[in-house]
Amino acid sequence: AVMRAEKRNLPKYKTTAPASFHGLGCTLLYCTVSFQWCIFFIGSAVMRVVIGGGTGFVGRALTQLLRSKGHEVTVISRQPGPGRITWDDLKSKGLPPCDGAVNLAGEPVLNPLRWWNESYKRDLVSSRVDTTCALAQAIATATQPPRAWVLVTGVACYKPSETECYTEGSAVGQFDLLSRLVKQWEEAGVLPETVAPGTRQVIVRAGAVLGRDGGAVQMMLWPFWLGLGGPLGSGRQPFPWIHVSDLAGIIAHALQQDNRGPRQGEGEKGEEEEVVGVQGILNGVAPADDTNADFVRALGGAMGRPTLLSMPGFALNATLGRERAVILLEGQRVVPERTLASGYVYRYPDLHSALNEIVGS
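How each quantity is defined
- Counting starts from 1 at the beginning of each chain's written sequence and moves along it residue by residue.
- In view of the model being predicted, local features appear only for residues whose pLDDT reaches at least 70, and side-chain atom pairs are presented and counted only at 80 or more, with totals across whole chains, interfaces and linings using the full set of residues.
- To get the side-chain values, take all heavy atoms of the structure and skip hydrogens and water.
- To qualify as a helix, a DSSP run of H or I must reach at least 4 residues; to qualify as a strand, a run of E must reach at least 2; elements of each kind are numbered from the N terminus.
- Note on classification: 1.4 Å probe, protein chains only; a residue is buried when its accessible area is under 20% of the maximum for its type, exposed when over 50%, partly exposed between these limits.
- Throughout, a residue-residue contact means that at least one pair of heavy atoms, one from each residue, lies within 4.5 Å.
- Exposure was quantified through the Shrake-Rupley algorithm and a 1.4 Å probe, taking into account, for residues, occlusion by the shown protein chains and nothing else.
- Axes, fitted as lines to C-alpha atoms, cover a helix only where it is in contact. Angles between the N-to-C directions of the axes lie from 0 to 180 degrees.
- We call two directions roughly parallel when the angle between them is under 35 degrees, roughly antiparallel when it is over 145, roughly perpendicular when it lies between 65 and 115, and oblique otherwise.
- Crossing handedness is defined as follows: a turn of the near helix away from the far one that is anticlockwise and smaller than a right angle gives a left-handed crossing, while the clockwise case is right-handed.
- The salt bridge criterion pairs a side-chain nitrogen of Lys or Arg with a carboxyl oxygen of Asp or Glu, the two atoms within 4 Å.
- By definition, two strands form a pair when at least two bridges between them are found by DSSP.
- Call a crossover right-handed when, viewed with both strands pointing away from you, the route from the first strand across the helix to the second goes clockwise.
- In this analysis, rings of Phe, Tyr and Trp, with Trp reduced to its six-membered ring, are considered paired at centre separations within 6.5 Å, and the interplanar angle assigns stacked below 30 degrees, edge-to-face beyond 60, and tilted for intermediate values.
- Lysine NZ or arginine CZ positioned within 6 Å of the ring centre and within 35 degrees of the ring normal marks a charge as sitting over the ring.
- Only buried residues count toward a nonpolar core, which is a set of Ala, Val, Leu, Ile, Met, Phe, Trp, Tyr and Cys residues joined through side-chain atoms within 4.5 Å.
- The pLDDT value expresses, per residue, how confident the predictor is, ranging between 0 and 100.

A word on the overall build of the protein chain
The helix and strand tally for the protein chain stands at 13 helices and 11 strands. A total of 361 residues make up the protein chain; the buried ones form 44% of that total. Counting contacts in the protein chain only where the partners sit at least 6 residues apart, residues at least 24 apart contribute 78% of the total. Accessible surface, the protein chain as shown: approximately 19,400 Å² in total, 57% of it carbon and sulfur.

Concerning the packing of helix α5 (residues 118-141) against helix α6 (residues 177-188)
The geometry of α5 relative to α6 is characterised by a closest axis approach of 8 Å and an angle of 15° between their N-to-C directions. It follows from the interaxial angle that α5 and α6 lie roughly parallel. Along this stretch, α5 crosses α6, giving a crossing that reads as right-handed. Listed contacts from α6 to K121, L124, V125, R128, V129, T132, C133 and A136 of α5 are L177, L181, Q184, W185 and A188.

Thoughts on the pattern of salt bridges
A full pass over the atoms with the stated rule returns 11 salt bridges. A salt bridge links E323 to K121, with the shortest nitrogen-to-oxygen separation between them at 2.6 Å. In this pair, E323 sits in helix α11 (residues 322-329) while K121 sits in helix α5, placing the two residues 202 residues apart along the sequence. Since its relative accessible area comes to 32%, E323 is described here as partly exposed. A salt bridge links R236 to E162, with the nearest nitrogen and oxygen atoms 4.0 Å apart. Taken as a pair, R236 in the loop between α7 (215-225) and β9 (241-243) and E162 in the loop between β5 (148-154) and β6 (165-166) lie far apart in primary sequence, 74 residues in all. Taking the relative accessible area as the measure of exposure, E162 reaches 45% and is therefore partly exposed. Three or more residues are tied together by salt bridges with common partners; here these are E107, R114 and D123.

As for the pairing of strand β2 (residues 72-77)
Pairing geometry for strand β1 (residues 48-52) and β2, over five bridges, is parallel. Residue pairing for β2: V50 is matched across the bridge by T74. Once you follow β1 into helix α3 (residues 57-68) and on to β2, the crossover reads as right-handed. With three bridges joining them, β2 and strand β3 (residues 84-86) adopt parallel strand pairing.

Details of the sheet that holds strand β10 (residues 280-284)
Strand order in the open sheet formed by seven strands is β3-β2-β1-β4-β5-β7-β10, with parallel pairing between adjacent strands. Edge positions in the open sheet fall to β3 and β10, since each of these has one partner strand only. In this sheet, adjacent strand axes meet at a mean angle of 20° when their direction is disregarded. Taken together, the seven bridges between β5 and strand β7 (residues 200-206) define a ladder with parallel strand orientation. The residue of β7 that forms the bridge with W149 is Q201. Together, β1, β2, β4 (100-103) and β5 form the strand contacts of α5, whose direction differs from that of β4 by roughly 165°.

What about the packing of aromatic side chains?
Describing an aromatic ring pair means giving the distance of the ring centres and the angle of the ring planes. The tally for this structure, following the rule as stated, stands at four aromatic pairs. On the basis of an interplanar angle of 90° and a centroid distance of 5.6 Å, the ring pair of W116 and Y120 is categorised as edge-to-face. A relative accessible area of 0% places Y120 in the buried class. Plain terms: the ring middles of Y158 and Y166 are 5.1 Å apart, the flat faces sit at 20° to each other, and that makes the pair stacked. Over the aromatic face of W185 sits the side chain of R128, whose NZ or CZ is 5.0 Å from the ring centroid.

A closer look at α11
Along α11, the residues that are buried comprise R324, A325, V326 and L328. Where α11 is buried, its residues meet α5 and α10 (313-320).

Describing the pairing of strand β8 (residues 208-211)
Along a regular strand, successive side chains alternate from one face of the sheet to the other. Here three bridges tie β8 to β9, and the two strands are oriented parallel to one another. The residue bridging L210 from the neighbouring strand is H243, located in β9.

Let's talk about the environment of G56
The residue G56 is located in the loop between β1 and α3 in this model. For the pair G56 and A105, spaced 49 residues apart in the sequence, the C-alpha separation amounts to 7.7 Å.

Thoughts on the nonpolar core
The nonpolar side chains of a soluble globular protein tend to be buried with one another. L62, V102, I251 and L255 are the most contacted members of the largest nonpolar core, which has 31 residues in total. Element by element, the count of residues in this core is highest for helix α8 (residues 244-256), at eight residues. If we ignore the near neighbours within four places in the chain, the residues touching L255 are M47, V49, L66, G100, A101, V102, A148, V150 and R200. A286, V296, Y348 and L351 belong to the second largest nonpolar core, which has 18 residues in total.

A closer look at the confidence of the model for the protein chain
Averaged over every residue, the pLDDT of the protein chain is 86; residues scoring 70 or more account for 83%. Below pLDDT 50 for its whole length, residues 266-271 participates in 11 contacts with residues either more than four positions away or in separate chains.

What follows is the structure in structure tokens.
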């Protein structure tokens, strides 16, 4: 600085503190800033999280996100392996010590390899309700229950409508197979008030999950690449959706939003803690109001393909079965009111950003 001042004939300023003082000051400043950034990125203490169905599409995204934040993840699956336990292990040995539990298990409703018959319907129910019951029972009998219990269900509990707008506080009903399934599913996860009173219970009702490695988009890629994409039915039906990264983000957000102090030692009951943090229903959908036609145009635009061929409703009913085709031919306008109020910030709030990330080069 002095040399530059001499060249420009500017006043010279001398420092009176020794060089070692400046080195110490820089070191302290660097450590302080680094610590603040670590707190910003981590957001909370390291958690131990157990994930039912953690090997699936959403489970893989959630596991990757939690581990990237430094949290420990144990997956419950049908097959044993590193970092995994089986559902039989859960029933016989109980819930491993953890701070949060999540259930994502469930047979895909739109599995193209399964015929729509009674056997498939039973699998849809058992893969969700039975696994949820198993986890809820394990939480209820745990020596030290987790602080958060997150169950991911679906928006099928809201009655299809092109005009009605649903928030987390809207009434739900039982008007078809899938709405009855969601009711059973959510009831299976409820913990009695006298059991695990310190556990926050969160239900995330997810829309159609979009992502590169699974979900709705993966099944549509080939038809769209071949120029065969188009609206389903009228195309006017609402299309509640969410990017898989945001669904994983909402779950992680629900797990981390706990304002209580450090836990007591393992196995100590201690005094009952007041439950503080995110709890109750969260709509796991993007803050957008899109129709099936909007989604089709956005996907075709992201892929650079035409979307002129529509699929008649009767064809979908014949191919998928009427009870399953309703997912594609009807929809609900769902708003994530409480999700936004809880402080969650979406990475992909609109179809353009979401689909460009998924199929854009």
